[in-house]
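Summary of structural features
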Amino acid sequence: MEVRGHLELRTTFTDGVASRTKSIRYLVVNAVSTYNILLGRPALNRLRSVGSTHHLKMKLPDLSGNVITIKSNQQEAKRCYENNLKAKRGVFMVTERPPSRDGDARMGVSRAESAREGRLEPAGDIVERQIGGRTFKHGKSLDQAEQDQVAGVIAQHLDAFTWSASDMPGIDPDFLCHRLTMDPKVKPVRQRKRKFNEERRQVIKEETKKLLSAGQIREIQYPEWLANVVLVKKANGKWRMCVDFTDLNKACPKDSYLLPSIDALVDSASGCRMLSFLDAFFGYNQIKMHPRDECKTTFMTKLSCYCYTVMPFGLKNVGTTY
Amino acid sequence: MLDVDLTFMKADLRDVIPHDNDLVVISIVTAGRKVHRVLVDQGSSADIMFWSTFNKLQLSPDQLRPYTGCLYGFAGD
């Protein structure tokens, strides 16, 4: 760390009512930071200040016996902290450490490697393991005690995991279902039927058959809302069937519940030795539509009209419910 | 009159948004200017000003006195 020198500057601390000015000796360093100044122990002690990270405040006396209360700027603190983390991640990629059993170093290395490949990869190999006739996979880097611990938890709650599609009863609609909040003034929209070529008609037919047998859609006779099917070609050449819910989405106000940001998640996980992920198997399709709103998700095919009983993709606000 | 009691009370929490381990970042006035993003860092044994801030405050390098000590990294940064 290069120190360019030091200088004394008269510095004022004020909360708008009382204030105190003191001479502080700053070391000027040639380093990059998101902060302008770090107020260390020399200054804090000379000011006789007391800080509380819980109350996010610093208090110090002024010369006439009043207390100056200086509040922390929470937004700025968050921004600075996140930016500093981002800067640190950059450092991680430059300093490549040899792989070791230490959790932190492993993270650093996988990050550096994945940055080169442009994609995140699991750290280490994956091992298969049998429990009660079921197979599950875990990372090779876990030691024997950790492996047994994980296996024990899984064995204990064997019935809570999904091993095949038939294990998915879905979520009880009394507990959670997707409801549409709509502007009552909006009139139902029936889209004009679009025509498809034979190849697409075939795809739609198969897809609806699949959904019907899985109980995710049902036939409906007098729908008020009617939408067209949209087919999108996936990267692997197969077709994905979506429904054009633009009219329905226009009638629903956006539910602006913010999803937790990835940065905050990573942040809250820092310092933990183990991090477990629970992935809900076909999570979207496990959440049922509210029965009142089922008929609004109606789409047409060549033969008849169907509506969704589970939460379809492409609807506004489904991400929030999920 | 510097021997007053400094206490933190419930009322001090009223304007705090619930947080998880936020840092204390305040604003001060120095060299006649308001400086934001000042980290209250009890882990630091020195009061640090970064070079970019020094420049932004339009201070002259002539004011700097040479420093002979050594500085190892920053805690909390």
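Residues numbered from 1 in each chain as written. Chains lettered and ligands numbered in written order. Predicted model: local features only at pLDDT ≥ 70, side-chain atom pairs only at ≥ 80, totals over all residues.

1. Looking at the overall build of chain A
Our working definition: Helix and strand labels come from DSSP, where a helix needs a run of H or I of at least four residues and a strand needs a run of E of at least two; each type is numbered from the N terminus. The exposure label follows from counting other C-beta atoms within 10 Å of a residue's C-beta, where the C-beta atoms are placed from the backbone and the thresholds are 20 or more for buried and 12 or fewer for exposed, leaving partly exposed in between. Two residues qualify as being in contact provided that their C-beta atoms, derived from the backbone, are within 7 Å of each other.
The helix and strand tally for chain A stands at ten helices and 15 strands. By residue count, 20% of the 322 residues in chain A fall in the buried class. Considering only intrachain contacts with a sequence separation of at least 6, the fraction spanning at least 24 residues in chain A is 54%.

2. Examining the overall build of chain B
When you go through chain B residue by residue, the secondary structure sums to one helix and three strands. Secondary structure elements in chain B, listed N-terminal to C-terminal, are β-β-β-α. Within chain B, the proportion of its 77 residues that are buried is 26%.

3. Looking at the sheet that holds strand β2 (residues 33-40) of chain B
Heads up, the rule is: The rule for pairing is simple: two strands pair if DSSP sees at least two bridges between them. For helices, the fitted line uses only the C-alpha atoms of the stretch in contact; every axis is such a line through C-alpha atoms, and the angle between N-to-C directions lies from 0 to 180 degrees.
Strands sit in the order β1(A)-β2(A)-β3(B)-β3(A)-β2(B)-β1(B) around a closed barrel of six strands; the barrel is mixed. Strand-to-strand twist of the sheet, defined as the mean angle between neighbouring strand axes without regard to direction, takes the value 45°. Note: strand β3 (residues 37-39) of chain A against strand β3 (residues 48-50) of chain B, two bridges, orientation antiparallel. Residue pairing in the sheet places L38 of chain A in a bridge with I48 of chain B of β3 of chain B.

4. Regarding the interface of chain A and chain B
Taken residue by residue, the interface counts 58 residues in chain A and 50 residues in chain B. Breaking the side of chain A that touches chain B down by element, the ones donating at least two residues are β1 (3-14), β2 (19-29), β3, α1 (41-46), β4 (50-52), β5 (57-61), β6 (67-71) and α2 (74-94) of chain A. Top element by residues in the side of chain A that touches chain B is β1 of chain A. It accounts for ten residues. Inspection of the sheet shows β3 of chain A paired to β2 of chain B by three bridges, in the parallel sense. In the sheet register, L39 of chain A faces β2 of chain B, and the bridge partner there is V40 of chain B.

5. Digging into the confidence of the model for chain A
The criterion, for reference: Per-residue confidence from the prediction method is given by pLDDT, with values spanning 0 to 100.
Mean pLDDT over chain A: 73, with 64% of residues reaching 70 or higher. For residues 90-119 of chain A, every residue scores under 50 in pLDDT, and the model assigns this stretch 22 contacts once sequence neighbours within four places are set aside.

6. Observations regarding the sheet that holds β5 of chain A
Residues and elements named next belong to chain A. Strand order across the open sheet formed by three strands is β4-β5-β6, with antiparallel pairing between neighbours. Looking along the sheet, the strands with just one partner apiece sit at the ends: β4 and β6. Geometrically, the sheet is characterised by an average inter-axis angle of 20° between neighbouring strands, direction not taken into account. Here β5 pairs with β6 via five bridges, running antiparallel. Bridge assignment links M58 to a residue of β6, and that residue is I70.

7. Observations concerning the nonpolar core
Quick note on the threshold: Nonpolar cores are identified as sets of buried Ala, Val, Leu, Ile, Met, Phe, Trp, Tyr and Cys residues joined via C-beta atoms within 7 Å.
V38 and I48 of chain B are the most contacted members of the largest nonpolar core, which has 36 residues in total. Per-element tally for this core: the top contributor is β2 of chain A, with five residues. Ignoring sequence-local partners within four residues, the contact set of V38 of chain B consists of Y35, N36, I37 and L39 of chain A together with V25, I26, S27 and I28 of chain B. Listed in part, the 20 residues of the second largest apolar core include I204, I217, L226 and Y306 of chain A.

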